[in-house]
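Here is what each chain is made of, one letter per residue.
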Amino acid sequence: MSIDPRIKIRKASENDIKDICRIMLSTDPYVTLGYTEDMCVDTVLSGLEEGWTAVAEYEGEVVGFIIFRVFDGFPLGGYIRALAVDRRFRGKGVGKALMRYAEEIIFRYRRNVFLLVSSFNYDAIRFYRSLGYEFVGEIKDAIVEGFSEYIFRKKRSF
Ligand SMILES: CC(C)(COP(=O)(O)OP(=O)(O)OC[C@H]1O[C@@H](n2cnc3c(N)ncnc32)[C@H](O)[C@@H]1OP(=O)(O)O)[C@@H](O)C(=O)NCCC(=O)NCCS
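The paragraphs below set out a description of the structure included in this document. None of the values given here were measured: they were computed from a predicted structure.

Some details on the nonpolar core
1) Next: Counting 29 residues, the largest nonpolar core has I66, F68, I80, M99, L115, Y128 and Y133 as its most contacted members.
2) Next: Counting only elements with at least two residues in this core, the list comes to strand 2 (52–58), strand 3 (61–69), strand 4 (78–85), helix 3 (94–109), strand 5 (112–118) and helix 4 (122–130).
3) Next: It is helix 3 that contributes the most residues to this core, eight residues altogether.
4) Next: Ignoring any residue separated from it by four or fewer positions in sequence, one finds F68 in contact with G51, W52, Y79, I80, R81, Y101, A102, I105 and I106.

With respect to the packing of aromatic side chains
1) Next: According to the stated counting rule, one finds 12 aromatic pairs in the structure shown.
2) Next: Aromatic pair F71 and Y109: ring centres 5.2 Å apart, planes at 65°, arrangement edge-to-face. Here Y109 lies in helix 3 and F71 lies in the loop between strand 3 and strand 4, a separation of 38 residues in the sequence.
3) Next: With a relative accessible area of 53%, F71 lands in the exposed category.
4) Next: Using a relative accessible area of 44% as the deciding quantity, one classes Y109 as partly exposed.
5) Next: Of the aromatic side chains, those joined through ring pairs into one cluster are W52, F68 and Y101.

Topic: the packing of helix 1 (residues 17–24) against helix 2 (residues 37–50)
1) Next: Viewed as axis vectors pointing N to C, helix 1 and helix 2 meet at an angle of 125°, and their least axial separation amounts to 10 Å. As summarised for this structure, helix 1 and helix 2 are arranged oblique, according to the angle between their axes. For the pair helix 1 and helix 2, the crossing hand works out as right-handed. Across the interface between the two elements, I17, I20, C21 and M24 of helix 1 pack against E37, C40, V41, T43, V44, L45 and L48 of helix 2.
2) Next: Partitioning the contact of helix 1 with helix 2 into residue classes produces nine nonpolar, one polar and one charged.

Structural notes on the state of the cysteines
1) Next: On inspection of all chains with the given rule, the structure shows one disulfide.
2) Next: A sulfur-sulfur distance of 2.3 Å marks the disulfide that ties C21 to C40. Across the disulfide from C21 to C40, rotation about the S-S bond amounts to roughly -100°, and the bridge is consequently left-handed. In this pair, C21 is assigned in helix 1 and C40 in helix 2, connecting sequence segments 19 residues apart.
3) Next: Taking the relative accessible area as the measure of exposure, C21 reaches 3% and is therefore buried.

Here we look at the side chain of R69
1) Next: Along the chain, the position of R69 falls in strand 3.
2) Next: A polar contact is formed between the side chain of R69 and the side chain of D72, at a distance of 3.4 Å.
3) Next: In contact with R69, other than residues within four places in its own chain, are S46, E50, G51, G78, Y79 and I106.

Points about unusual backbone geometry
1) Next: Cis rather than trans, the peptide bond between D28 and P29 has omega equal to 10°.
2) Next: The topology assignment puts P29 in the loop between helix 1 and helix 2.
3) Next: Even without a glycine there, the phi angle at E59 is positive, about 50°.
4) Next: Turning to its location among the elements, E59 is positioned in the loop between strand 2 and strand 3.

Conventions and cut-offs
- Residues numbered from 1 in each chain as written.
- Predicted model: local features only at pLDDT ≥ 70, side-chain atom pairs only at ≥ 80, totals over all residues.
- Heavy atoms only, no water.
- Core = buried A, V, L, I, M, F, W, Y, C linked by side-chain atoms within 4.5 Å.
- Buried < 20%, exposed > 50% of the residue type's maximum accessible area, 1.4 Å probe, protein only.
- Helix = DSSP H or I, 4+ residues; strand = E, 2+ residues; numbered from the N terminus.
- Contact = heavy atoms within 4.5 Å.
- Phe/Tyr/Trp six-rings, centres within 6.5 Å; stacked < 30°, edge-to-face > 60°.
- Axes fitted to C-alpha atoms, helices over the stretch in contact; angles between N-to-C directions.
- Parallel < 35°, antiparallel > 145°, perpendicular 65-115°, else oblique.
- Left-handed = near helix turned anticlockwise from the far one by under 90°.
- Nonpolar A, V, L, I, M, F, W, Y, C, P; charged D, E, K, R; others polar.
- Disulfide = S-S within 2.5 Å.
- Polar contact = N/O pair within 3.5 Å; in protein donor to acceptor, adjacent residues only side chain to side chain.

Everything listed here is a matter of coordinates, which is why it stays silent on function.
Encoded structure:
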């Protein structure tokens with residue numbers, strides 16, 4: 001799928017927190033994982049201060065976000081901390097464009113990108129596999145009892 005040219009990715013700022021939390025708190029896995037408004041604001045603020053945060057705009061509206069780290073957060077590589085696309089805008093290449101943005105930055109410095117995906121999040125697992133991510137491990141009962149977090153990895157191709 002080619003990425004819709006109306007999708008623009010830009011660095012986020014504190015002005016985007018409201019839109020990011022609206023998107024994050026209205027979707028799984030964050031609902032099932034028990035995310036609250038405070039947890040979301042903390043996650044975004046730490047993303048803005050200690051890592052990278054970007055948002056996707058579709059014709060000027062914020063429709064998705066990604067929070068990631070390059071140098072810390074995971075041994076051996078960069079780490080995608082959080083990602084979500086507004087339900088109304090899924091399937092248009094927004095998630096792919098956000099991942100491409102993060103990978104482009106991480107692969108400048110590191111050989112691997114890591115992320116965690118919840119075992120119940122089948123759609124996201126298929127999404128990450130389509131982008132070349134591979135399952136490398138499982139953390140049982142990681143956040144919610146009975147559910148695992150799967151560790152996925154993508155290797156730089158050069
Ligand atoms: C996962 C998510 C970010 C994907 O975003 P999206 O904008 O809908 O995905 P895209 O349109 O960019 O799709 C990119 C590729 O993934 C594939 N894909 C996306 N969703 C898929 C799904 N549910 N099942 C199978 N493949 C899927 C697309 O077919 C496309 O592949 P292609 O380029 O080969 O055609 C989005 O569904 C989402 O926000 N989910 C809820 C939050 C979440 O689970 N975040 C991840 C936390 S670890």
